[in-house]
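Architecture and fold: a report
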Amino acid sequence: MSCIIEAKNVCMDFEIGDGSTVHALKGIDLRIQPNRLSVLRGRSGSGKTTLINILGALDRPTSGEVIFPEGGRDITKLSDPERDGLRRNEMAFVFQSVALISTMTAFENVEFALRLTKLPYKERVERAKQSLIQVGLEKRMNHRPGEMSGGEQQRVAIARAISHSPKIIFADEPTAELDSPTALAVMKLFRDLVRQNDLTIVMTTHDTAMMEQADIVYTLEDGVISDVKENAQPEEGADA
Ligand SMILES: Nc1ncnc2c1ncn2[C@@H]1O[C@H](COP(=O)(O)OP(=O)(O)O)[C@@H](O)[C@H]1O
Ligand SMILES: [Mg+2]
C-alpha cells in the first residue's frame, strides 16, 4: 500500500501549569494513502487537532517521526525555514473558522494568497479563477465574504487551499460551523477534489454523519488510533 505521509510512533506531551503532563498522543502509527479523503474522527479532546497539526508541520511532536513524501525525509527534523517552505509549496490548510479578508472579494482573497508564490500576475489570476470555478463559485467571484453564506465562504477557503496545487490539504473541523446539508456538500466537494486532482485530503471531524463520504476513517480515542475503517472505493474510472 503506497502512502503519501506517514506517522511513526508519534507522541505528544503537553506540560500544563500545575506541573502535570497531558499525554495527548500516545504512539500514533498512521499511513495516509495518496488521492484519498481520509477522516480523523474522535470526541473532543481525543487528539485530532494535535495530530493534524503535527502532520501538517505546524507543530513538532515530543517524539516520533513524520515521513513526507513516501520514502522521503522526517519533516519533524527539518529547520523552521524548511518547514515553512514545505507548508507553502506542498501543503494547504483549511480551518473551522474561515479567516477570509472581509474587504476583499472571493477572487481577491484567492489571488492575494497566491502572492506568496512566485507566480506572475496573469498566472495568479488564471489560477484564482479556475480554483473558484472548481469549487462551484463561478457566480460569486466578485462577492465579499459578508455577501456569501457560510458554506460559500468555506468554499472560498477551499479554493484558496487548492489554488497553488498542493500535494496534500489538512482540514481541521472544516464542517463544524456549517448546517448539516451544507456540511455534507463540503464533504462531497472534498471527495470530488481528490477524485479529479492529484490531491490528498486529511480532515478531522467529530460528526459521524460526515463519515460516509470518506474513503477511510481513523478513530482516535484518548491519543491512540482505536479503529480504522475503509469505505468501498468506486470502480476505477467510474466517475472520471
Ligand atoms: N497547547 C496545549 N496545552 C496543553 N494541553 C493541550 C494543548 N493542546 C491540546 N491539549 C490537550 O491535548 C488533548 C488533545 O487535544 P486536541 O488535539 O485539541 O483534541 P481534539 O482536537 O480531538 O479536540 C486534550 O486533552 C487537550 O486538552
Ligand atoms: Mg480539535
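Keep in mind that this is a model prediction, so the values were computed, not measured.

As a further point, take the overall build of the protein. Helix and strand counts for the protein stand at six helices and ten strands. Its C-alpha radius of gyration of 18 Å places the protein within 12% of the 18 Å reference for a compact globule of 240 residues. Along the first, second and third principal axes, the C-alpha set of the protein runs to 50 × 40 × 40 Å. Within the protein, the proportion of its 240 residues that are buried is 39%. In the protein, the share of contacts with a sequence separation of at least 24, taken over all contacts with a separation of at least 6, comes to 70%.

Spacing of three or four residues puts side chains on the same side of an α-helix, whose turn is 3.6 residues. Helix length check: helix 4 (residues 121-134), at 14 residues, gives a terminal C-alpha distance of 20 Å against a target of 20 Å (1.5 Å per residue), a fit within 8%. All of the buried residues in helix 4 are R127, A128, S131 and L132. Along the axis of helix 4, the buried residues cluster in a sector spanning 130°; they form a single face. Away from its buried face by more than 90 degrees, helix 4 exposes K122 and E123. In the stretch just after helix 4, G136 is the one whose phi turns positive, near 85°.

Moving on, we come to the sheet that holds strand 10 (residues 224-230). The pairing of strands in a sheet comes from backbone hydrogen bonds and takes either a parallel or an antiparallel form. The six strands are arranged 6-7-8-3-9-10 in an open sheet whose pairing can be described as mixed. Two strands in the sheet have a free side with no partner beyond their single neighbour: strand 6 (91-95) and strand 10. Averaged over all pairs of adjacent strands, the angle between their axes in this sheet comes to 20°, without regard to strand direction. Each of strand 3 (37-41) and strand 8 (200-205) touches helix 6 (residues 180-196); the most contacted strand, strand 8, lies at about 160° to it.

To continue, consider the site of ligand 1. For ligand 1, the full set of nearby residues is F14, I16, V22, A24, G42, S44, G45, S46, G47, K48, T49 and T50. Looking at the shell around ligand 1, the elements that each hand over two or more residues are strand 2 (21-32) and helix 1 (48-55). Ranked by residue count, the leading element in the shell around ligand 1 is helix 1, at three residues. Class assignment for the residues of the shell around ligand 1 results in four nonpolar, seven polar and one charged.

Looking now at the pairing of strand 2. The sheet contact formed by strand 1 (residues 5-15) and strand 2 spans nine bridges and is antiparallel. Each bridged residue has a counterpart across the sheet, and for F14 the counterpart in strand 2 is V22. With antiparallel pairing between neighbouring strands as the criterion, strand 1 and strand 2 make up a hairpin whose turn holds five residues, including G19 at a positive phi of roughly 90°.

Our focus in this paragraph is the sheet that holds strand 4 (residues 63-68). In spatial order, the strands read 2-1-4-5; together these four strands make up an open sheet with antiparallel pairing. At either margin of the open sheet sits one strand with a lone partner, and together these are strand 2 and strand 5 (73-74). Sheet topology note: the strand 4/strand 5 ladder contains two bridges and is antiparallel. Each bridged residue has a counterpart across the sheet, and for F68 the counterpart in strand 5 is R73. Across the face of the sheet, helix 1 comes into contact with strand 1, strand 2 and strand 4 while running at roughly 125° to strand 1.

What follows covers the nonpolar core. Ranked by size, the top nonpolar core spans 60 residues in total, and within it L55, V110, I169 and V202 carry the most contacts. Looking at this core element by element, the count peaks at six residues for helix 5 (residues 150-162).

This part is about unusual backbone geometry. Here the residue pair F68 and P69 is connected by a cis peptide bond, since its omega of -15° sits within 30 degrees of zero. Even without a glycine there, the phi angle at A57 is positive, about 60°. Here A57 lies in the loop between helix 1 and strand 4. The class for A57 is buried, based on 23 C-beta atoms found within 10 Å. In the Ramachandran plot, E173 falls in the positive-phi region, its phi being about 50° despite a non-glycine side chain. Here E173 shows up in the loop between strand 7 (168-172) and helix 6. C-beta crowding within 10 Å serves as the criterion here: with 19 such atoms nearby, E173 is assigned to the partly exposed category.

This part is about the pairing of strand 1. Sheet analysis places strand 1 next to strand 4, joined by four bridges and oriented antiparallel. The partner of A7 across the bridge, within strand 4, is V66.

Thresholds applied
- Residues numbered from 1 in each chain as written.
- Chains lettered and ligands numbered in written order.
- Predicted model: local features only at pLDDT ≥ 70, side-chain atom pairs only at ≥ 80, totals over all residues.
- Helix = DSSP H or I, 4+ residues; strand = E, 2+ residues; numbered from the N terminus.
- Rg over C-alpha atoms; globule rule 2.2 N^0.38 Å.
- Buried ≥ 20, exposed ≤ 12 C-beta atoms within 10 Å, placed from the backbone.
- Contact = placed C-beta atoms within 7 Å.
- Expected span 1.5 Å × (residues − 1).
- Arc of directions from axis to C-beta.
- Pairing = 2+ DSSP bridges.
- Axes fitted to C-alpha atoms, helices over the stretch in contact; angles between N-to-C directions.
- Near = placed C-beta within 6 Å.
- Nonpolar A, V, L, I, M, F, W, Y, C, P; charged D, E, K, R; others polar.
- Core = buried A, V, L, I, M, F, W, Y, C linked by C-beta atoms within 7 Å.

Geometric descriptors of this kind do not, in isolation, establish any biological role.
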